[in-house]
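Now for the letters of each chain:
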Amino acid sequence: MKIVSACLSGVHCRYDCQAKTRVDVADMVKRGEAIPVCPEQLGGLTTPRPPAERIGDKVLTNGGADVTAEYQRGAEEALQIAKLCCATEALLKSKSPMCGVGKIYDGTFSGNTKPGDGVFAELLKKHGIKVTEID
Ligand code: SF4
């Protein structure tokens, strides 16, 4: 079983209420091969919500609000779902401060990226779940 970023499967869960649908990912969910999760929503953040980026050891919105605790809680809850369905792999939305793998937005809200993982991707790696980015 795989975990996938819910926005890739067509769920309108991004900060701006949009999805980033990938038909191949949605088809995996339809075939029962993958479970969609949105860790930002699972952490209690609203939709829509202000965009946020990783800055140092915190996650801050573009207005300066500290949403680190919500990100940590959401990543833990999504990990719990991954464990419940015995997921061994996760396909995650690229560049997101929560789901990004290997590169994430750089904290300047300019669209530029820096090396690093999102909070959820980092946690999955720590628990031995393979993570792959999907653009
Ligand atoms: Fe998509 Fe992940 Fe962001 Fe949710 S937390 S909107 S699943 S990238």
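Shown above is the structure to which this text applies.
Only a predicted model underlies this, so the values are computations on that prediction, with no experimental measurement involved. (Residues numbered from 1 in each chain as written. Predicted model: local features only at pLDDT ≥ 70, side-chain atom pairs only at ≥ 80, totals over all residues. Heavy atoms only, no water.)

**Thoughts on the environment of valine 25**
With respect to the helices, strands and loops of the structure, valine 25 is situated in helix α1 (residues 23-30). Along the backbone, valine 25 and proline 36 are 11 residues apart, and their C-alpha atoms lie at a distance of 9.3 Å. When neighbours within four sequence positions are excluded, valine 25 is seen to be in contact with Val4, Leu8 and Ser9. (Helix = DSSP H or I, 4+ residues; strand = E, 2+ residues; numbered from the N terminus. Contact = heavy atoms within 4.5 Å.)

**Section: the packing of helix α3 (residues 68-84) against helix α4 (residues 119-126)**
Between α3 and α4, whose axes approach to 9 Å, the crossing angle comes to 45°. By the angle class used here, α3 and α4 are oblique. Helix-helix and strand crossings are classified by hand; for α3 and α4 the assignment is right-handed. Between α3, through Tyr71, Gln72, Ala75, Glu76, Ala78, Leu79 and Ala82, and α4, the contact on the second element is made entirely by Val119, Phe120, Leu123 and Leu124. A breakdown of the residues in the contact of α3 with α4 according to their chemical character gives 9 nonpolar, 1 polar and 1 charged. (Axes fitted to C-alpha atoms, helices over the stretch in contact; angles between N-to-C directions. Parallel < 35°, antiparallel > 145°, perpendicular 65-115°, else oblique. Left-handed = near helix turned anticlockwise from the far one by under 90°. Nonpolar A, V, L, I, M, F, W, Y, C, P; charged D, E, K, R; others polar.)

**Focus on unusual backbone geometry**
Residue proline 48 is reached from threonine 47 by a cis peptide bond, and omega for that bond is 5°. Position of proline 48 relative to the elements: it lies in the loop between α2 (39-42) and β3 (52-55). Despite not being glycine, cysteine 17 shows a phi value in the positive range, around 70°. Tracing the chain through its elements places cysteine 17 in the loop between β1 (2-5) and α1. You will see that cysteine 86, though not glycine, has its phi angle at about 55°, which is positive. Here cysteine 86 shows up in the loop between α3 and β5 (89-93). Cysteine 86 gets classed as exposed once you look at its relative accessible area, which sits at 58%. (Buried < 20%, exposed > 50% of the residue type's maximum accessible area, 1.4 Å probe, protein only.)

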